[in-house]
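An overview of the molecular structure
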Amino acid sequence: MTNFNGNILEDTTLLSIQNRGLAYGDALFETIKSSYGKLLFWEDHYFRLMASMRIMRMEIPMNFTMEFLEAQIQNTLKANELTNASSRVKLTVFRNEGGLYLPETNHISFIISVKPIENDFYVLQDHFYEVDLFKDYYVSPSLLSTLKTNNKALHVVGSIYAKENKLNNCLILNTEKQVIEALNGNVFLVKDNVIKTPPINNGCLKGVMRKQVIEIIKSSSEYELIEEPISPFELQKADELFITNVIVGIQPISKYRKKVFANEASKLLLQKLNVKIRLS
């Protein structure tokens, strides 16, 4: 069951072929983890969505409050019998149809879909996880590249490349040949007691889990956080690499090319992340 503008519909309901999210990628989305009905980091998701809608010149409805959207998500979870389970929630906002590149209106509609997932909170993903660089296409750094829009062609092609080359993931470069993120999350590099992650102005996604991990590192005594560009040459010199997103939490990277990595920082940060969730 899917929530379309507050109405619970069968998943077989079809959207118009004039839908602007389909026709032009004129849409934004948030992927949210729900654990037994609790929306993890919901406030951060909500404010990122509102900021993104303003950047995209979408008109934010008066009723689009944090409470309203949370209630709509809860209604969707209930309709799918997922209030007592863990779920991946996808909230998509798109500009209403009409016009070509230039829209006829800035009014929006929304869709909420949910799927069950296995883990209630975050567990260490310690299976073998190999990555490499995806160098066929590059991200041009701008405010738009930091948003979660439906324009994900690079990530789709990169994911196919990873599968064809028996990789678990790929790291993406910007036009300055700096490492900015993975195909499905932000990237962090550990060297000695310093943890580095690319700054937003390098073009990486303004990730919700990135924000949580940065806050945890800044409050810890074990590591120092630096937001600086990451060169591909630094990757093989690192002690650890890991990827963050709101579904998995922290994904340690086992291997990049010939370099094999530890995961001690990932373990520690994951423990602190779960404590933060329990206390929130």
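Structure first, text after, so check above.
So, a few notes on the structure that sits alongside this text. What you see is a predicted model; the values in this text were computed from it and never measured.

With that out of the way, let us pick up the pattern of salt bridges. The final tally for this structure, using the stated rule, is 13 salt bridges. Note that K191 and D239 form a salt bridge whose closest N and O atoms lie 4.0 Å from each other. One end of the pair, K191, is in strand β10 (residues 186-191); the other, D239, is in the loop between α6 (232-235) and β13 (240-245), with 48 residues separating them in the sequence. The class of D239 is partly exposed, set by a relative accessible area of 32%. A salt bridge links E215 to K211, with the nearest nitrogen and oxygen atoms 2.9 Å apart. On the criterion of helical spacing, the pair formed by E215 and K211 is a turn pair, its members being four residues apart in helix α5 (residues 208-219). Relative accessible area serves as the criterion here: at 34%, E215 is assigned to the partly exposed category. The partly exposed category is assigned to K211, whose relative accessible area is 35%. Look at the salt bridges and you will find they share partners, linking D44, K211, E215 and K276 into a network.

So, on to α5. Each turn of an α-helix holds 3.6 residues, which means side chains three or four residues apart point in the same direction. Between its terminal C-alpha atoms α5 stretches 17 Å, which fits the 16 Å expected from 12 residues at 1.5 Å a residue. Turning to α5, its buried residues are V208, M209, R210, Q212, V213, I214, I216 and I217.

Strand order across the open sheet formed by five strands is β12-β11-β10-β13-β14, with mixed pairing between neighbours. At either margin of the open sheet sits one strand with a lone partner, and together these are β12 (224-227) and β14 (249-252). For this sheet the average axis-to-axis angle between neighbouring strands, irrespective of direction, equals 30°. The pairing of strand β11 (residues 194-197) with β12 spans four bridges and is parallel. Directly across from V194, in β12, lies its bridge partner E224.

What follows deals with the packing of helix α2 (residues 42-55) against α5. α5 packs onto α2 with a crossing angle of 125° between their chain directions and a minimal axis gap of 10 Å. Our classification of the angle between α2 and α5 gives oblique. Helix-helix and strand crossings are classified by hand; for α2 and α5 the assignment is right-handed. Counting all contacts with α2, which are made through D44, H45 and R48, the residues of α5 involved are V208, K211 and Q212. In the contact of α2 with α5, the residues fall into one nonpolar, two polar and three charged.

It is worth spelling out the packing of aromatic side chains at this point. Per the stated rule, a full pass over the model turns up 10 aromatic pairs. Ring plane angle 70° and centroid distance 5.5 Å describe the contact between Y24 and Y101, whose orientation is recorded as edge-to-face. With Y24 in helix α1 (residues 20-24) and Y101 in the loop between β5 (86-95) and β6 (108-116), this residue pair connects regions lying 77 residues apart in the sequence. Given the relative accessible area of 31%, Y24 is considered partly exposed. With a relative accessible area of 72%, Y101 lands in the exposed category. Aromatic pair F64 and F110: ring centres 5.8 Å apart, planes at 65°, arrangement edge-to-face. One end of the pair, F64, is in the loop between α2 and α3 (66-79); the other, F110, is in strand β6, and 46 residues separate them in sequence.

What counts and what doesn't
Residues numbered from 1 in each chain as written. Predicted model: local features only at pLDDT ≥ 70, side-chain atom pairs only at ≥ 80, totals over all residues. Heavy atoms only, no water. Salt bridge = Lys/Arg side-chain N within 4 Å of Asp/Glu carboxyl O. Helix = DSSP H or I, 4+ residues; strand = E, 2+ residues; numbered from the N terminus. Buried < 20%, exposed > 50% of the residue type's maximum accessible area, 1.4 Å probe, protein only. Expected span 1.5 Å × (residues − 1). Pairing = 2+ DSSP bridges. Axes fitted to C-alpha atoms, helices over the stretch in contact; angles between N-to-C directions. Parallel < 35°, antiparallel > 145°, perpendicular 65-115°, else oblique. Left-handed = near helix turned anticlockwise from the far one by under 90°. Contact = heavy atoms within 4.5 Å. Nonpolar A, V, L, I, M, F, W, Y, C, P; charged D, E, K, R; others polar. Phe/Tyr/Trp six-rings, centres within 6.5 Å; stacked < 30°, edge-to-face > 60°.

So far we have only geometry, and geometry alone does not tell us how the molecule works.
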